[in-house]
Amino acid sequence: MDTAAVTAGGAPGRILGEDTGAVPPPRTAPSAGTVPAPRSAGPDGTGTAGTGTPPPDLPGRLRHAAHRLRTRTAPLRAPRLDPYWTAGLFFAAYALLAVCRFRTLSTSSWDLGIFEQAIRGYAHFRAPIVDLKGPGTNILGDHFSPVLIVLAPLYRLFPSSLTLLIAQAALFAVSAIPVTRAAARTLGRVPGLALGLAYGTSWGVQKAVDFDFHEIAFALPLIAFALEAVLRGRWTAVVCWAAPLVLVKEDLGVTAAVIGALALIRTRRASPLAIALVAFGITATAVTLGVLIPAFNGSGSYDYWSKFGSDGGGLTIPLDTAVRTTLWVLLPTTGLLALRSPLLLVALPTLGWRFLSHEPHYWGIDWHYNAVLMPVVFLALIDALPRARVSTRPWLRSYAHHLPAAVVSVALALTTTLPLARLTEAATYRTPPDAVAAGKLLDRIPDGASVESDIRPLSRLTGRTRVFWTGDTGGLAPDYVAVQLRDGRTPRQALADAAARHPRSTYVILGGASDLLVLHRTSAR
């Protein structure tokens, strides 16, 4: 027999401490001199005698919870989702800026009102009549942008000019997906995120976000996805993304044709798809300018021919102005390295129209005209960087490796003076009392009324009334007149001006708020 086992209370062949089914001896009080069980400290500093429970490890629990959180969110932090998170960030920023400007009546309203009238017509299954361009004007006879019909269902659900601004924010943000994705695929995750951030904060995109709504919002994602497909050699996708450009604006058919030519250059063979895209783009532009727009235009012609050359009383754009704007397009965005990529050819049609024109608004860094160039120059940079990084010239290799960080740094530095910087200002989120009062005043105009309006009230009226531009009502005496009192004008003067424009009607002052005055027609002779 195992004497040690018996002495310990066990049995032969049994593990010490294993339950044998025997009744344990009764618990007795500790004899004199026996050391009592230690007291363990609880979380509150008190002790628990005889339990033997160890103190809780709070830092360890926090580390464990953080580890579990990282584990569960790991799929959301996958590199393949970076482009979509980037787009989501910019959508939130662009949309917030648009909402704040709309609430404070800060939108320019002219182009926004024009496009809302067109989309409102589509949403109600009518022709896109834009009375702001002249009573009964079909917008297809001004600029050919049937792509606007895509927004009609959304506008039917949410009939407001703010709907157009939110849709534009979404389209601009979506265009960041192919740029960020192409950069990450070519250069790596961190440089890809840097260039995606630089694109979304580029001055050309920010200026467009800040200036009303325009049809070119559709052009940015189409061009960006088409050029990403060029970089990947997916030629069917190139055609599918580029071909719809002819529906965005009449001049973008040439851009689609150049994308087709770019595909021919990259493949170095006569690809039927690329040749078809070239032919389609040129033919669509010719038919649109020569047939479709004149058919919808009351004069039977294209109104913007007068902007080319020095005809129509315009002046030729100074060469230094053109060069300065072109440098703005290429230098802070790509450090001029985009010049090493054939993708930059896609910018030539847009720049070409400008060089042929005398319109000063096409030059400079304001307005929305440079937005369509941003995806072109950034994707051209992405195309040029890999070759520059393996160049035999050391200075070029070093320049190419440091350029993504430099580009995003410049974009963020410039942002301090661009529209997105307003999101850091508390005043952006406050609605001034005069804007609230102006909104309430405009709400007193009933739905369906005819209104002759100045520029500021347009965005609050085009969704529910028939709005005409001041002095261009086609002989119709409107029910209401909304006017801004600028340059020291008084309500009495505004009333006299309305009476002079509509001598057969009598107008009285309905109300005023800040610099806004609304007149109501009480009788007609």
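First, a word on what this report is: a plain description of the structure on this page.

How each quantity is defined
- Numbering of residues begins from 1 in every chain and follows the order in which that chain's sequence is written.
- With the structure being a predicted model, the display of local features is reserved for residues of pLDDT at least 70 and the display and counting of side-chain atom pairs for 80 or more, all residues being used for whole-chain, interface and lining totals.
- To obtain the side-chain values, all non-hydrogen atoms of the structure were included, while hydrogens and water were left out.
- In this analysis, rings of Phe, Tyr and Trp, with Trp reduced to its six-membered ring, are considered paired at centre separations within 6.5 Å, and the interplanar angle assigns stacked below 30 degrees, edge-to-face beyond 60, and tilted for intermediate values.
- Exposure categories follow from relative accessible area, calculated using a 1.4 Å probe and restricted to protein chains: below 20% of the type maximum is buried, above 50% is exposed, and the middle band is partly exposed.
- The axes used here are C-alpha line fits, helices contributing only the stretch in contact, and every angle between their N-to-C directions lies in the interval 0 to 180 degrees.
- Numbered from the N terminus, helices here are DSSP runs of H or I no shorter than four residues, and strands are runs of E no shorter than two.
- Note on convention: near helix rotated counterclockwise from far helix by under a right angle means a left-handed crossing. Clockwise means right-handed.
- By the convention used here, residues are in contact when the closest approach between their heavy atoms is within 4.5 Å.
- All residues other than Ala, Val, Leu, Ile, Met, Phe, Trp, Tyr, Cys, Pro, Asp, Glu, Lys and Arg, Gly among them, are scored as polar; the first ten of these are nonpolar and the last four charged.
- The working definition used for a salt bridge is a side-chain nitrogen of Lys or Arg within 4 Å of a carboxyl oxygen of Asp or Glu.
- A helix is expected to reach a length of 1.5 Å times the quantity of its residues less one.
- For a residue, the bend is simply the angle between two axes, fitted respectively to the seven-residue segment ending there and the seven-residue segment starting there.
- The cut-offs work like this: below 35 degrees is roughly parallel, past 145 is roughly antiparallel, 65 to 115 is roughly perpendicular, and the gaps in between are oblique.

## Topic: the packing of aromatic side chains
In step 1: Taken as a whole, this structure holds eleven aromatic pairs when the rule is applied.
In step 2: Taken together, a centroid distance of 5.3 Å and an interplanar angle of 85° make the contact between Tyr302 and Trp305 edge-to-face.
In step 3: Residue classification places Trp305 among the partly exposed residues on the basis of a relative accessible area of 46%.
In step 4: An angle of 70° between the planes, with centres 5.1 Å apart, marks the rings of Tyr362 and Tyr369 as edge-to-face.
In step 5: When its relative accessible area of 24% is taken as the criterion, Tyr369 is described as partly exposed.

## Overview of the packing of helix α16 (residues 374–389) against helix α17 (residues 394–415)
In step 1: At a minimum axis distance of 8 Å, the contact between α16 and α17 shows a crossing angle of 145°. Between α16 and α17 lies a crossing of left-handed hand. For the pair α16 and α17, contact is made by Phe378, Leu381, Leu385, Ala388 and Arg389 and by Leu396, Arg397, Ala400, His401, Leu403, Pro404 and Val407, respectively.
In step 2: By residue class, the composition of the contact of α16 with α17 is nine nonpolar, one polar and two charged.

## A few points about the pattern of salt bridges
Should the charged atoms of two oppositely charged side chains come close, the side chains can pair.
In step 1: Inspection of every chain in the model, using the stated rule, returns 17 salt bridges.
In step 2: The residue Arg185 makes a salt bridge to Glu228 at a minimum N-O spacing of 3.6 Å. Note that Arg185 is positioned in helix α7 (residues 176–187) and Glu228 in helix α10 (residues 219–232), a separation of 43 residues in sequence.
In step 3: Across the salt bridge formed by Asp497 and Arg489, the nearest N and O atoms sit 2.3 Å from each other.
In step 4: With a relative accessible area of 32%, Asp497 lands in the partly exposed category.

## Digging into the side chain of Asp210
In step 1: Turning to its location among the elements, Asp210 is positioned in helix α9 (residues 203–210).
In step 2: If near-sequence neighbours (up to four positions away) are discounted, Asp210 is found in contact with Leu97, Arg101, Pro419 and Arg422.

## Quick notes on helix α13 (residues 272–296)
In step 1: For α13, which comprises 25 residues, the first-to-last C-alpha distance of 33 Å matches the rise-based estimate of 36 Å (1.5 Å per residue) to within 8%.
In step 2: The largest bend along α13 measures about 45° and falls at Thr288.
In step 3: Taken together, the buried positions of α13 are occupied by Ala274, Leu277, Gly281, Ala284, Thr285, Thr288, Leu289, Ile293 and Pro294.
In step 4: Where α13 is buried, its residues meet α11 (235–242) and α12 (252–267).

## Some words on the packing of α7 against α10
In step 1: The interhelical angle for the contact between α7 and α10, taken along N-to-C directions, is 20°, at an axis separation of 8 Å. It follows from the interaxial angle that α7 and α10 lie roughly parallel. Every pair of crossing elements has a handedness; the one defined by α7 and α10 is left-handed. The segment α7 lies against α10, with Ile177, Pro178, Val179, Arg181, Ala182 and Arg185 engaging Ala224, Phe225, Glu228, Leu231 and Arg232.
In step 2: Here the residues of the contact of α7 with α10 are counted per class, giving seven nonpolar, no polar and four charged.

Interpretation note: all reported values are geometric properties and have no functional meaning in isolation.
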